[in-house]
Amino acid sequence: MTNEMTNIVVEVLPRFEGYVYPNEASLHPLWGFLIVLYPYITGLVAGAFIMASLVRVFKVRALEPVYRLSLLTSFSFLLCATLPLLFHLGHPERCFEIMMTPHLTSPMAIFGFVYAWYLMAVLLLELWFDYRQDLVEWAKVTPGFKGIIYRAFTVGVTDESPPAVALDMKMGRILSVVGIPSAFLLHGYVGFIFGSIKANPWWGNGLTPIIFILSAIVSGIALCVFNYMVLTWIRRHTVDMRCLDTMAMFLFYALVVDAAVEGLDWLHRGFAAEEGFSVMQIMIREKLFYTLNLGQVTIGTLLPLLLLGPLQLLRRRVPELVRRRMIFSSAVMILIGVLAMRWNVVIGGQLFSKSLRGVMGYKLEFAGVEGWWLGVVLLSLPFIILTVLVKLFLSERLPSSGHIPQDSAAGEG
Amino acid sequence: MRRFKLPPQILRLVLLTLAIVGSYLIARAFLTPASFGEFGWYRGEALVELRSRPPVYAGKQACDECHSDQLQKLAKFEHQTLSCEACHGVSREHADNPDVLPVKLTGSHCIRCHEANPSRPKWFKQIVVRDHYSGKCTECHVPHQPSQTP
C-alpha cells in the first residue's frame, strides 16, 4: 500500500502548477476523452441532418446525390451518440434505469427526451417516409433475409398509389422542417450543458450553444463530403462535380460564419477580460497550445478557409482533380479541427483550478475506459453501421423509385 | 359527405406509436422499484438498506475503555484531534471482542496528510516523499508523540 500511495502522490503532483483545490487533485479530470467524443458525434449527427435538409427544405437540387447518404450518416452516428456516455459512466446494464424514471429537473436528464425525440420522432420517421415506396418495391424483388428486413421495415403498408406517395413526400417535408429546429435543439442542448456552468469561465458563456451548433453544421457537412467521396471512390464512380462544388460552397460559408462567431467570442472574452481571463491565457499559450492554435485554428479553420475560399471565385479555372483533392483535404482537416475544438472545450475546461490560480494536467492514455483506443473503436462504429446501412438502403443493385426529395408538391399537383 | 379516412401509413404509425408507448408504460410499471419517489427522486428503501448495514467503526470512547494510557499520552501532542481508527484501522469487532485484532494498516497513512500539497496551510508539516526518505516513517517519528524522536 505504501508504494501504491507514494506512486499516486508522485505521479499526480508534478501535473499541478499554482494553487489547486484538494478535490481537484486527482490523477485524471472527471470528464476524459469519451466526453470529448460525445459532443463530436452529436455534432456530426446534427450537421449531417442539416445537410440533408438543404435538399428537402431549401430545395438545393445539386445536392440530391447526397440526400439519402446524409440522412443515413446522421442516423448511424445518432445510434452511437450515447455510447461514449454509457462507457464513461460504467455499468451499462443500468442504462435503462434512466429511461424508467425520466424527470425534468436536471439538464443532464433532459438528454433522454432530446435524444428520443430526435431519433424516434424526426430521423427515423423522415427516413421511413422517404424510403417507404422503395421498401415496398424492394420487398417484392428481394429474396431471403434481406427481403425479410425490407418487408419488416414496410410495417405492412404496401400502398404505392400516387396519393399515398404524395403523402409520404409531404410528411417527409414536414418532418424535415421540424427536424431543423430539432437538430439545433439536439446540439444546442449539448452546448447549453457546457454554457450553463456558471462557475467555469471557459464554458459558462451565452455564445457556447451557438458555437456548438455552427461547428456541428461545419463538421456534419465535412463528414458528408468525406463519406460521399469515399463511397464514390469505393464504387469506382465519378464524383458529381456539381454536387461536390455545392457542398464545398456550403461548407465554406458555414465555416466563415462559424469562424466569425468563434472569433467574436474570443474578442468579447479578451475585451471583457473578466477574472478568469488570465488563466485562459495560460490555456491558450501553454496547456492547449497544440490542440487550439494548431488543431482548431490552423488545421480546422484557416487552412480550409484558404483552400475553399479561392475555389468559390476561381472554380472554373481549377482542374477537377485538383478541386476534388482540395475539397477532400479541407473536409478531413475540418473533421480533425472540430474534434480538436471539442477537446479544447471539454478537457480545457477542466485543466484549470476553480480558484483560477492554478492549472492541472491531462495525459491521454492508450488503454482503459478513457483511453484513445476505445475512442477509435467508438468512432469507427458509426462507419461500420453506415457501411451496413449503405449496403441495405443505398444498394446499386436495387431499383430506386427516383422520386425527387424536394419536390413534395409535385406529387400532389 | 365523404367520410375522413386515415391514410394507411399514418394509421400504421399511430398503431406502432401506441404499441411502443404501451410497452414502455408496461415495462415501466414492472421495472420501477416500488419505493421509488417515496421521499424524493430515489428509491425510498435505499435508506432502510443503508441503515441496516452494521457499523464498522467503534469510536474513540470505546478505545479509551482499555487504552486510556495511550489516549492520555496522545492528548498532549499534535495528533490529539485524530481518531484512533484513522491510523489503526476499523475496530468495531476488536472493541466487542479483544481477541479479534483490528485491521492492520501499513505505513502509507502518514503521507495522506503530510505529502506536500499547495492547498495545505504553510504551518502544516509537509514533505515531498520522493526527496525525503525511502524507509519507514516510524524509524524517525513516533506517531503518538510526533515532536519526539524514538
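Here the focus is the domain arrangement of chain B. Partitioning chain B into domains gives domain 1 (8-51) and domain 2 (60-139). On a C-alpha basis, the centres of domain 1 of chain B and domain 2 of chain B stand 49 Å from each other.

This part covers the domain arrangement of chain A. All names here are of chain A. Taken domain by domain, chain A comprises domain 1 (39-90 + 106-196 + 366-398) and domain 2 (236-362). A straight line from the C-alpha centre of domain 1 to that of domain 2 covers 26 Å. Across the contact, 10 residues belong to domain 1 and 10 residues belong to domain 2.

Attention now moves to the nonpolar core. Residues and elements named next belong to chain A. In this structure, V45, V218, I221, C224, M247 and L251 are the most contacted members of the largest nonpolar core, which totals 101 residues. When residues of this core are assigned to their parent elements, the largest contribution, 18 residues, is made by helix α2 (residues 33-56). Each of domain 1 (39-90 + 106-196 + 366-398) and domain 2 (236-362) gives at least three residues to this core. With near-sequence residues (within four places) excluded, M247 lies in contact with L63, V66, I221, C224 and V225.

Attention now moves to the environment of F383 of chain A. All names here are of chain A. Tracing the backbone through its elements, the reader meets F383 in helix α14 (residues 372-393). A count of 15 C-beta atoms within 10 Å places F383 in the partly exposed class. Counting along the chain gives 156 residues from F383 to N227, while the straight-line C-alpha distance between them is 9.1 Å.

We now examine helix α6 (residues 110-141) of chain A. Helical periodicity: at 3.6 residues per turn, an α-helix aligns residues three or four positions apart in one direction. With 32 residues, α6 of chain A should cover 46 Å at 1.5 Å per step; its first-to-last C-alpha distance of 43 Å lies within 8% of that length. At Y131 of chain A, α6 of chain A shows its strongest bend, of approximately 55°.

We now examine the interface of chain A and chain B. Taken together, the contact between chain A and chain B spans 23 residues of the former and 20 residues of the latter. Mapped onto the side of chain A that touches chain B, the elements with two or more residues apiece are α1 (2-12) and α8 (162-195) of chain A. Among the elements that take part in the side of chain A that touches chain B, α1 of chain A stands out by supplying five residues, more than any other. A per-class count over the side of chain A that touches chain B returns 15 nonpolar, five polar and three charged.

Further remarks concern helix α3 (residues 60-74) of chain B. Taking 1.5 Å per residue as the helical rise, α3 of chain B with its 15 residues ought to reach 21 Å, whereas the 12 Å between its terminal C-alpha atoms falls clearly short. A maximum bend of about 110° is found in α3 of chain B at H67 of chain B.

Turning to the packing of helix α10 (residues 241-272) of chain A against helix α12 (residues 289-314) of chain A, a few remarks are in order. Residues and elements named next belong to chain A. The N-to-C vectors of α10 and α12 enclose an angle of 135°; their axes lie 9 Å apart at closest approach. One element, α10, and the other, α12, form an angle in the oblique class. Like other packed secondary-structure pairs, α10 and α12 cross with a definite hand, here left-handed. Contacts from A248, M249, L251, F252, L255 and A259 in α10 reach T301, P304, L305, L308, G309, L311 and Q312 in α12.

On to unusual backbone geometry, then. All names here are of chain A. A positive phi angle, near 55°, is found at K59, a position not held by glycine. Along the chain, K59 falls in the loop between α2 and α3 (67-80). Its 14 C-beta neighbours within 10 Å are what place K59 among the partly exposed residues. Within the chain, L356 stands out as a residue other than glycine whose phi angle is a positive 60°. Relative to the assigned elements, L356 resides in the loop between α13 (320-346) and β2 (358-359).

About the thresholds
- Residues numbered from 1 in each chain as written.
- Chains lettered and ligands numbered in written order.
- Predicted model: local features only at pLDDT ≥ 70, side-chain atom pairs only at ≥ 80, totals over all residues.
- Domains from an automatic or database assignment.
- Contact = placed C-beta atoms within 7 Å.
- Core = buried A, V, L, I, M, F, W, Y, C linked by C-beta atoms within 7 Å.
- Buried ≥ 20, exposed ≤ 12 C-beta atoms within 10 Å, placed from the backbone.
- Helix = DSSP H or I, 4+ residues; strand = E, 2+ residues; numbered from the N terminus.
- Expected span 1.5 Å × (residues − 1).
- Bend = angle between axes of the 7 residues up to and from the residue.
- Nonpolar A, V, L, I, M, F, W, Y, C, P; charged D, E, K, R; others polar.
- Axes fitted to C-alpha atoms, helices over the stretch in contact; angles between N-to-C directions.
- Parallel < 35°, antiparallel > 145°, perpendicular 65-115°, else oblique.
- Left-handed = near helix turned anticlockwise from the far one by under 90°.

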